[in-house]
Amino acid sequence: MRIRTPADLGAVIRDRRKRLKLDQSTLAKRIGVSRQWVIDIEHGHPRAELALVLRALDALGILLDASSESSTSTSRVSAPSAVDINAIVTKAKKGKA
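Along each chain, residue indices are assigned from 1 in the same order as the chain's sequence is written. Confidence filtering applies because this is a predicted model: local features only for residues at pLDDT of at least 70, side-chain atom pairs given and counted only at 80 or more, and all residues used for totals across whole chains, interfaces and linings. Calculation of side-chain values draws on the structure's entire complement of heavy atoms; hydrogens and water are dropped beforehand.

### Some thoughts on a nonpolar patch on the surface
The patches described consist of residues with a relative accessible area above 30% and no salt bridge, like charges being joined within 9 Å and nonpolar side chains (Val, Leu, Ile, Met, Phe, Trp, Tyr) within 5 Å. Exposure was quantified through the Shrake-Rupley algorithm and a 1.4 Å probe, taking into account, for residues, occlusion by the shown protein chains and nothing else. Put simply, a salt bridge is a Lys or Arg side-chain nitrogen that is within 4 Å of an Asp or Glu carboxyl oxygen. On the surface, a nonpolar cluster with roughly 320 Å² of combined accessible area is contributed by L50, L54 and L64. Topologically, L64 is positioned in the loop between α4 (50-60) and α5 (69-74). Accessibility here uses a 1.4 Å probe with only protein chains present; expressed as a share of the type maximum, an area under 20% marks a residue as buried, one over 50% as exposed, and anything in between as partly exposed. For L64, a relative accessible area of 66% corresponds to the exposed category. Helix and strand definitions here come from DSSP, where helices need a minimum of 4 consecutive H or I residues and strands a minimum of 2 consecutive E residues; each element is numbered from the N-terminal end.

Encoded structure:
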């Protein structure tokens, strides 16, 4: 899965939080941030602190894969639990319309 923009990352975080049936306040407490920070990151805040973003991903069980372009093009087999980022982003965009 590719995350190309802060909005893409926010959509992934929001989708995973909802799948785990967590509200924004609960996630905020797990990360050690305010609920407003969670709201901002879910809306694609472009200047979120990296350490906090990584804590959010960890709290939600989202793995960060730093594969290079050449390694991803040779191995297109995805794990059964892979998240379809395109579907999440499309769904998030439809919700804003």
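### Looking at the packing of helix α2 (residues 24-31) against α4
The geometry of α2 relative to α4 is characterised by a closest axis approach of 9 Å and an angle of 115° between their N-to-C directions. With respect to their mutual orientation, α2 and α4 come out roughly perpendicular. In terms of crossing hand, the pair formed by α2 and α4 is right-handed. Between α2 and α4, the residues in contact are L27, R30 and I31 and L52, R55, A56, A59 and L60, respectively. For this scheme, ten residues count as nonpolar: Ala, Val, Leu, Ile, Met, Phe, Trp, Tyr, Cys and Pro. Four count as charged, namely Asp, Glu, Lys and Arg, and the remainder, Gly too, count as polar. Of the residues that constitute the contact of α2 with α4, the class distribution is 6 nonpolar, no polar and 2 charged. Geometry is summarised by axes, namely lines fitted to C-alpha atoms with helices restricted to the contacting stretch, and by angles between N-to-C directions that run from 0 to 180 degrees. Any angle between 65 and 115 degrees counts as roughly perpendicular, while under 35 counts as roughly parallel, over 145 as roughly antiparallel, and the rest as oblique. Crossing handedness: left-handed means the near helix sits turned counterclockwise from the far one by under a right angle, and right-handed means the same turn made clockwise. Throughout, a residue-residue contact means that at least one pair of heavy atoms, one from each residue, lies within 4.5 Å.

### A closer look at the pattern of salt bridges
Summed over the entire model, instances satisfying the criterion amount to 2 salt bridges. In this structure, R19 engages D15 in a salt bridge whose closest nitrogen and oxygen atoms are separated by 2.7 Å. Here R19 pairs with D15, and both are found in helix α1 (residues 6-19), just 4 residues apart, close to one helical turn. Using a relative accessible area of 60% as the deciding quantity, one classes R19 as exposed. The class of D15 is buried, set by a relative accessible area of 15%. Here R17 and E42 are joined by a salt bridge, their closest N and O atoms 2.5 Å apart. Taken together, the residues R17 in helix α1 and E42 in helix α3 (residues 35-42) connect sequence positions 25 residues apart.

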